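# Working through the structure, step by step
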Amino acid sequence: MRRLFVAGNWKMNTVLRSATGLAAALAAEIPAELPGVEVAVCPPFPYLLPVAEKLAGSGIALGAQNAYFEKPGAFTGEVAVEMLVDAGCRYCILGHSERRHILGEDDALINRKLRACLEQGLSAILCVGETLNERKEERTEAVLDSQLSGSLAGIDGALFDRLVIAYEPVWAIGTGLTATPDQAQSAHQYLRNWIHSRYDAQIAKDLRILYGGSVKAENGLALLQQPDVDGALVGGASLKVEQFLPIVRIAESLKKT
Ligand code: PGA
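Here we summarise the structure given alongside this text. No experiment lies behind these values; they were computed from the predicted model shown.

## A look at the pairing of strand 3 (residues 60-64)
Counting buried positions over the 5 residues of strand 3 gives 5, a clear majority of the element. Strand direction decides the pairing type here: strand 2 (residues 37-42) and strand 3, joined by 3 bridges, are parallel. Bridging from a neighbouring strand, V41 pairs with L62 of strand 3. Note that the unit made of strand 2, helix 2 (residues 48-55) and strand 3 has a crossover that is right-handed. Pairing of strand 3 with strand 4 (residues 91-94) involves 2 bridges; the strand directions are parallel. Each bridged residue has a counterpart across the sheet, and for A64 the counterpart in strand 4 is C92.

Shown next as structure tokens:
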């Protein structure tokens, strides 16, 4: 059965003091693993270790926002998967739309990063999603199809226990616009069917698919109630305890498992 998952993507926000403060406040509220719900936060690289210290012994896992696919070596400015594992990360966000659209990452690069993470023991939150124009032109499924085909190319189904997919419509990220529960469910169902058709029924059934894009306490319940929505990847609302915690509590109240 799928365990609900709420992950906070802090993006390029916080300084040392606010990062550790936020982590400590969340750890105090989530001192042990919640039944049926997994929680993670993904701070910027410089704060992974101090945040890990604050999260120690809590029910909150640590995640990174990016990784490079090469083993440690001469790759100035990059961070290797084994460094993230060493720093205590369980998760790494990959293929986020900001990396695709601002930093120019394509599916071939995301695929190499994804393989490196999954093969070296890091779980990945792979983000996919269409832009507003693509939705208007009714190309949402075609875009999801090509993003999945490219980023999952050659990846063995045996590694899928470390894979989480996040459906993040680009037009809903940081804009205050949210996909309706029906729009989210329909995209999630498409993604799950896609995995079923390329892999198998069990892998598709076990795969967690998160929704991301302006998730807040106010819209969280309706989204998380959808049968194929297994949690949320939260940006803006993950930076404030009083906004993030209610989303975790909603997931806890639903405990789909
Ligand atoms: P948002 O970001 O919740 O601020 O829209 C979500 C994300 O980009 O993961």
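## Examining the packing of helix 5 (residues 107-119) against helix 7 (residues 140-151)
Put simply, helix 5 and helix 7 touch, their axes get as near as 7 Å, and they point 45 degrees apart. If you check the angle between helix 5 and helix 7, you find them oblique. Contacts between helix 5 and helix 7 involve D107, I110, N111 and L114 on the former and, on the latter, S146, Q147, G150 and S151. Considered class by class, the residues forming the contact of helix 5 with helix 7 number 2 nonpolar, 5 polar and 1 charged.

## Examining the sheet that holds strand 5 (residues 123-128)
In space, the 8 strands of this closed barrel follow the order 1-2-3-4-5-6-7-8, with parallel pairing throughout. Neighbour-to-neighbour, the strand axes of the sheet open up by a mean angle of 25 degrees, direction not taken into account. The sheet strands contacting helix 11 (residues 241-254) are strand 1 (4-9), strand 2 and strand 8 (231-234), and the helix crosses strand 1 at an angle near 170 degrees.

Definitions and cut-offs
- Residues numbered from 1 in each chain as written.
- Predicted model: local features only at pLDDT ≥ 70, side-chain atom pairs only at ≥ 80, totals over all residues.
- Heavy atoms only, no water.
- Buried < 20%, exposed > 50% of the residue type's maximum accessible area, 1.4 Å probe, protein only.
- Helix = DSSP H or I, 4+ residues; strand = E, 2+ residues; numbered from the N terminus.
- Pairing = 2+ DSSP bridges.
- Right-handed = clockwise from strand over helix to strand, strands pointing away.
- Axes fitted to C-alpha atoms, helices over the stretch in contact; angles between N-to-C directions.
- Parallel < 35°, antiparallel > 145°, perpendicular 65-115°, else oblique.
- Contact = heavy atoms within 4.5 Å.
- Nonpolar A, V, L, I, M, F, W, Y, C, P; charged D, E, K, R; others polar.

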